[in-house]
Amino acid sequence: MAVEISEEKLLMQKIAKVFNDALASRASHIRKLKDLSALRSSIPIAQFFDAFSKNLIPIFNTQRRIASVERMVQFVAIFACLRDPNNSEDCDAFFEQFLRFLIVGTTAAGRTARFRACQIISEIIMRLPDDAEVSSELWDEVIDCIKVRVGDKAPVIRTYSIRALSRFANDAENSDILELFLQTLSSEQNPDVRKTILLSLPPSNETSTAIINCTLDVNESVRKAAYCVLASKFPLQSLSIKQRTIILQRGLADRSPAVTKECLKLLKDEWLMKSCNGNPIELLKYLDVETYESIGVSVMEALLKSGLVKLHGGQSINQFLSSNSNTTEGHDVQQVDAEVALYLRTLCKHLQTEAQSKGSDAAMTSGTEAAVYASEASDSNDLLEKILPESVSDYIDLIKSHIVAGQSNRFIARQLLILASMLDFSDSTNRKVAAVFVLELLKSPLDHEVDDDGNKVVIGDGISLGGELDWADAVSVLAKKVHASQGEFDEIILGVIADLAIPCRERTADFLEWMHCLSVIGLLLEHTKSLRGMFGKPIEPAELLHSLLLPGAKHIHFDVQRAAIRCLGLFGILERNLTEELVKQLRVSFIKGPSPVSTMASKSLMDLATWHGPNEVDKSMNTNLESQFQENAKTIHPVDWNNNDDDTKDDLEISLIDLLYAGFEKPDFSKQEPDENESVQPVLAEGFAKILLLSSNYPTIPVSSHPILLSKLISLYFSTTTVDFQRLKQCLSVFFEHYPSVSINHKECICKAFIPVMKSMWPGINGVPGGASVVVSRMRKRAIQASRFMLQMLQSPLYPNEIDKNKNVSESTDCSDEFDFGEEGLAICIAAEVLSFEKKKSAAEKAYVLAICKVLVVLRFRESEQVGIKLMRKLLNRMMELVSSDKETVKEVKQMVDHLKSLDKTPDESLPVDQTNLLLEKLGVEVDIDGDEPLNDVEPTPVPKSTKPVRARRRVREKELSSSSEEDESMVETVAVPVVMSVRSQRASKSAALSKLVSSNKPVKIDDDDDEDDGDEEVESEVTSEDESD
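K.L.:
How would you sum up helix 32 (residues 680-693)? Please name residues and give values.
P.N.:
Look at helix 32: 20 Å from first C-alpha to last across 14 residues, which is about the 20 Å you get at 1.5 Å a residue. The element helix 32 is extensively covered by neighbouring structure, given that 12 of its 14 residues are classed as buried. Here helix 32 has its buried residues at Val 680, Gln 681, Pro 682, Val 683, Leu 684, Ala 685, Glu 686, Gly 687, Phe 688, Ala 689, Ile 691 and Leu 692. On its buried face, helix 32 is in contact with helix 27 (580-592), helix 28 (595-612), helix 31 (656-662), helix 33 (706-717), helix 34 (726-742) and helix 35 (744-761).

K.L.:
So what's going on with the packing of aromatic side chains? Which residues, and what values?
P.N.:
Going through the model one piece at a time under the given rule, you end up with 27 aromatic pairs. Taking 6.3 Å as the distance between ring centres and 15° as the angle between the ring planes, the aromatic pair formed by Phe 98 and Phe 101 counts as stacked. Pair noted here: Phe 98 and Phe 101 are both in helix 5 (residues 88-106), with a separation of 3 residues, about one helical turn. Judged by its relative accessible area of 1%, Phe 98 is buried. By relative accessible area, Phe 101 is classed as partly exposed at 24%. Among the aromatic residues, those joined into a cluster by ring pairs are Phe 19, Phe 48, Phe 49, Phe 52, Phe 60, Phe 75, Phe 79, Phe 94, Phe 98 and Phe 101. Seen from the ring of Trp 471, Arg 410 lies directly overhead, with NZ or CZ sitting 4.3 Å from the centre. Stacked on the ring of Phe 489, the Lys or Arg Lys 480 has its end atom at 5.8 Å from the ring centre.

K.L.:
Can you lay out unusual backbone geometry for me, pointing to particular residues and giving the numbers?
P.N.:
The phi torsion of most residues other than glycine is negative, and most of the peptide bonds are trans. Of note in the backbone geometry, Asn 277 takes a positive phi value of approximately 55° without being a glycine. Inspection of the secondary structure puts Asn 277 in the loop between helix 14 (257-275) and helix 15 (280-285). What makes Asn 277 exposed here is its relative accessible area of 68%. A positive phi angle, near 55°, is found at Asp 288, a position not held by glycine. Counting through the fold element by element, Asp 288 comes out in the loop between helix 15 and helix 16 (293-305).

K.L.:
Would you mind going over the side chain of His 555 in detail, with residue names and values included?
P.N.:
Structurally, His 555 can be placed in the loop between helix 25 (541-553) and helix 26 (558-574). Taking relative accessible area as the criterion, His 555 reaches 16% and is therefore assigned buried. In contact with His 555, other than residues within four places in its own chain, are Phe 511, Trp 514, Val 560 and Gln 561.

K.L.:
Can you explain the pattern of salt bridges? Please cite residues and give values.
P.N.:
Counted according to the given criterion, the structure contains 42 salt bridges. Measuring nitrogen to oxygen at the nearest pair gives 3.1 Å for the salt bridge that ties Asp 447 to Arg 410. Of this pair, Asp 447 sits in the loop between helix 21 (428-443) and strand 3 (448-450) while Arg 410 sits in helix 20 (residues 410-418), and the two are 37 residues apart along the sequence. Lys 690 is the salt-bridge partner of Glu 686, the closest N and O atoms lying 3.9 Å from each other. Taken as a pair, Glu 686 and Lys 690 lie in helix 32 at a separation of 4 residues, close to a single helical turn. Linked by salt bridges that have partners in common, Glu 293, Arg 345, Arg 414, Glu 468 and Asp 470 make up one network.

Parameters at a glance
Residues numbered from 1 in each chain as written. Predicted model: local features only at pLDDT ≥ 70, side-chain atom pairs only at ≥ 80, totals over all residues. Heavy atoms only, no water. Helix = DSSP H or I, 4+ residues; strand = E, 2+ residues; numbered from the N terminus. Expected span 1.5 Å × (residues − 1). Buried < 20%, exposed > 50% of the residue type's maximum accessible area, 1.4 Å probe, protein only. Contact = heavy atoms within 4.5 Å. Phe/Tyr/Trp six-rings, centres within 6.5 Å; stacked < 30°, edge-to-face > 60°. Lys NZ or Arg CZ within 6 Å of the ring centre and 35° of its normal. Salt bridge = Lys/Arg side-chain N within 4 Å of Asp/Glu carboxyl O.

As structure tokens, this is what we get:
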């Protein structure tokens, strides 16, 4: 027996020596693998594996990922995969035993053991040759145990588990592994694990969507890994056009330079060079630039800025204008492809910008440096001249040919039209030819088609020239370039309007002619600077308003009304003194119009309110308008929208802000039309967000109305009815990000808006309907989420310039009576709200009070706010009784009381009544405070005890607790006479009740259902249930 023990020790020492050498350096691994393999072949496998596994145990206890241990893990994995042809059976037996040993390690209770087992299995699987012979049963066991570890609580274990399974993700037999990866990717919280999953996904239609979604990941390394996977596993042709554009749109606009660089690498190396042979026009064909024009422009700008496009004069507009001397037309115009048109447009724009930049640099420097800049500017100008057409007439012929070709070539014509800003119209001949072309563009009717019923349908948006805003902008740029003299642009446009207005005045025009005329009017009003330049022209402003715009707003066709309302809004912005008829018509259209017309009217009214001010808009009505947004206004009563009378006088007798705010409550305005991108509510929310953000620019709007408006915006942001309004969500998210940091006054507004928002969202109080328990739970969770969101806004730091401004104000004025609104103000508002409830509360009220108390206890007080600290101590002392039913809340409130007492510089002095009332008045809070009430911290009032007689305990229970029978009898005697109990005995009984509550381990939840019992009754039942049970 002694000989066997010595041989076992000798074997372990040999293996330990090999392991120590492997730990020291990776250079000795090859030699040590041979030594260990020879040792394995010389003795029985069972004896070798026993010594091998024992020497490996310390690795499973090493948590730190040091280099020596990592080298040892790799060494062990390589040895496990090493196969000796002369002893294949022994190698297979060792491999199987080792894997089963590791499988047991993956289920260990220790985190480190599971981690090392998964790590070694991962290394073995990644290093195992493809022709290795392993039994299917063993692989199934390995895969099953690793799949369980994918859900491990340790991120590093999940990472190595996914790495181990990645080799099986391509097999059709193991489709469940791919499903597990995709399911884990959508719910994984750790970025390293998400990155590992991304790198492990095989290329397929199913995985491409998940990988592209990761380009929006919050972690930079995950987004970068997504672009690496797309570059290495997905050729350009394997992706759809939509997927290509999404990838480029997100990557080129990413906020991280590293991600943008990775996207450019994908664009250049994989897509441009490999798939398109370096031809940018070929790349644009894969992007469908007619549908995704902005993506195509971004791609070209990125390639040109990075110097990835070779600039040469081989491709120009002149190649599409081949001379033909046998025809009287002079030129045979060829059709331009959409990709070529976009390429030439972006290329010319880049060359022009570069030439101007180099020219400016040359003017700002001198000597050799200036000469170099001038030479570069000259080269860019020369190349630009080679690309552009030789004459303006050729350029116009090229555009006309594509316009005549139909709507399918409108994109190409617009790209060529944008090049007008780069041509020279200083020559009178060229200017005359271009002027005639501009008139043709302005007088071209809107394109339309006829439906199955024979009705004409406008192609495009119906409000812009040519049916699209981009076309109208291109025409206006060309018109301004041709008619560059002062007032010439307005005169030409007014002349066209005068001609188009003739059938409209005579009431012989159809709706297409009306819309064409209004689109030209809108083009003029958008680009003119003042209405004064229209006096003395073919048609003057007053005539334009009364003969075209107001009649158009009353037209029977809704599209004509929408175009006229848009023009009325633009006309009102240009007016110095608003016209009563204009404002009245906008208000009537807002109230009585259909959804598209009301949306456009809301835009116009909001623009007038932000431009002129709401007070000026109300003054233009020449009547006294009532407003609920007065000083100290806390609630706004809804407007009656059910008035279907033709007379809208009653509806118009309210101020503009009241009318727009009432739009939030109209049911029709909260619906989004299937064919419309906007509705009234998002427009109103965006307008009020601008007013609140720049509140200092609107002094006529009472400050007391700001919390009401902010409450409405927060409620809309968290409402389930606005889920489909993506523009509203985006606008409000940007607004909430900046609003609390712009001004200290906005902090005050957030404090005052907190309670109204919570009341408007919490089910079962303030008239908010509840419903099923699931619905109530969701509503409560949404309200709690909103409370945390408002707390985060309140804690956002001010911008540096606002901090300096507040410091200057505090230094120049006596701020002894000033209260800095912050978390202290919100805490006082919440405490006052809690005190407004009675002790006996419904289930919904109880849950609401506990929810806002959860916010209260996390608020921080500054030592400088002594007035707020003293007032809060008073309120907390009175709150203790109202929240005494929840032990967790009581504990947190006690901790807050102790903390405030430590911050109070004079804890024994009371707060004067005048300071208390002044502070409450500033916060807009109403609560009765006794001026002589001491600040001594009091214990919470105990829960009233039941007057039921307590039954005697069973004899069996008395026998079990015989050691404390005397104490039980004395306690029973005490509880039996609750009427004559002293305060001290009540507290002793309360301690006994709380001890039983703690032993029951029943947590108190904020979001319980509405059908839960009252808190006082729950406590009483828990205290007496054991004693009363038979």
